[in-house]
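Residue-level structure breakdown
In case you want the letters, here they are:
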Amino acid sequence: MELVCIVCPNGCVMNVEKAASDIVVIGNKCKKGIEFAIAEITCPMRTISSTVATVFPDYPVIPVRVSAEIPKDRIFDVMREINKVELDKRLDENEIVIENVCGLSVDIITTQSMK
């Protein structure tokens, strides 16, 4: 599998192969590339940014994000929860909209103030 490392500005193109119980990474210029490739193969993580609906005409939606990375295979589960929300309270920046979303120990938080 070919990956482009996104950890540092080098953008190394790496070849990653699973060999028995080991993962072999070729093409990295630093140790961070190996760590990135192994994480991407074993448990890829992602961040989500979206919007949440509100009841306020002057603020029909507010931008939100996850407070930490989540497993890539849980993105659609988290988005389903985000899409269920309609805020009826004005929130400030970095306030929790959904606590511990999908049991992932990650919160959905606002990225902008409505106040």
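In this text, all values refer to a predicted model and were calculated from it rather than measured experimentally.

1. Overview of the sheet that holds strand β2 (residues 13-19)
- With respect to topology, three strands assemble into an open sheet ordered β1-β2-β3, the strand pairing being antiparallel. The outermost strands of the open sheet, each flanked by one partner alone, are β1 (2-4) and β3 (22-26). For this sheet, the mean angle separating the axes of adjacent strands, direction not counted, is 30 degrees.
- Helix α1 (residues 31-42) contacts β1, β2 and β3 of the sheet and is inclined by roughly 55 degrees relative to β2.

2. Digging into the side chain of Asp-107
- Tracing the sequence through the fold places Asp-107 in the loop between β9 (96-98) and β10 (108-110).
- For the buried residue Asp-107, which engages in no salt bridge, the nearest side chain bearing the opposite charge is Arg-65, 9.7 Å off.
- The contact partners of Asp-107, leaving out residues within four places of it in the chain, are Arg-65, Val-66, Ser-67, Ile-96, Ile-98, Glu-99 and Asn-100.

3. Some words on the sheet that holds strand β5 (residues 49-56)
- If you trace the five strands from one edge of the open sheet to the other, you get β8-β5-β6-β10-β9, paired in mixed fashion. Sheet topology places β8 (86-87) and β9 at the edges, where each strand pairs with a single neighbour.
- As paired elements, β9 and β10 share two bridges and run antiparallel to each other. Bridge pairing links Ile-98 to Ile-108 in β10.

4. Some thoughts on the packing of aromatic side chains
- Taken as a whole, this structure holds zero aromatic pairs when the rule is applied.
- In this arrangement the basic side chain of Arg-90 is found over the ring face of Phe-56, its NZ or CZ atom lying 4.2 Å from the centre.

5. Focus: the nonpolar core
- Counting residues in each nonpolar core, the largest one holds 20 residues, and the members touching the most others are Val-52, Val-78, Ile-82, Leu-87, Val-97 and Ile-108.
- Listing elements by their share of this core, those giving two or more residues are β5, β6 (59-66), α2 (75-84) and β9.
- When residues of this core are assigned to their parent elements, the largest contribution, four residues, is made by β6.
- Residues within four places of Ile-108 in sequence aside, it is in contact with Val-64, Arg-65, Val-66, Val-78, Ile-82, Glu-95, Ile-96, Val-97, Ile-98 and Val-101.
- One finds Leu-3, Cys-5, Val-25 and Ala-37 within the second-largest nonpolar core, a separate group that totals eight residues.

Parameters and conventions
Residues numbered from 1 in each chain as written. Predicted model: local features only at pLDDT ≥ 70, side-chain atom pairs only at ≥ 80, totals over all residues. Heavy atoms only, no water. Pairing = 2+ DSSP bridges. Helix = DSSP H or I, 4+ residues; strand = E, 2+ residues; numbered from the N terminus. Axes fitted to C-alpha atoms, helices over the stretch in contact; angles between N-to-C directions. Contact = heavy atoms within 4.5 Å. Buried < 20%, exposed > 50% of the residue type's maximum accessible area, 1.4 Å probe, protein only. Lys, Arg positive; Asp, Glu negative; His and termini not counted. Salt bridge = Lys/Arg side-chain N within 4 Å of Asp/Glu carboxyl O. Phe/Tyr/Trp six-rings, centres within 6.5 Å; stacked < 30°, edge-to-face > 60°. Lys NZ or Arg CZ within 6 Å of the ring centre and 35° of its normal. Core = buried A, V, L, I, M, F, W, Y, C linked by side-chain atoms within 4.5 Å.

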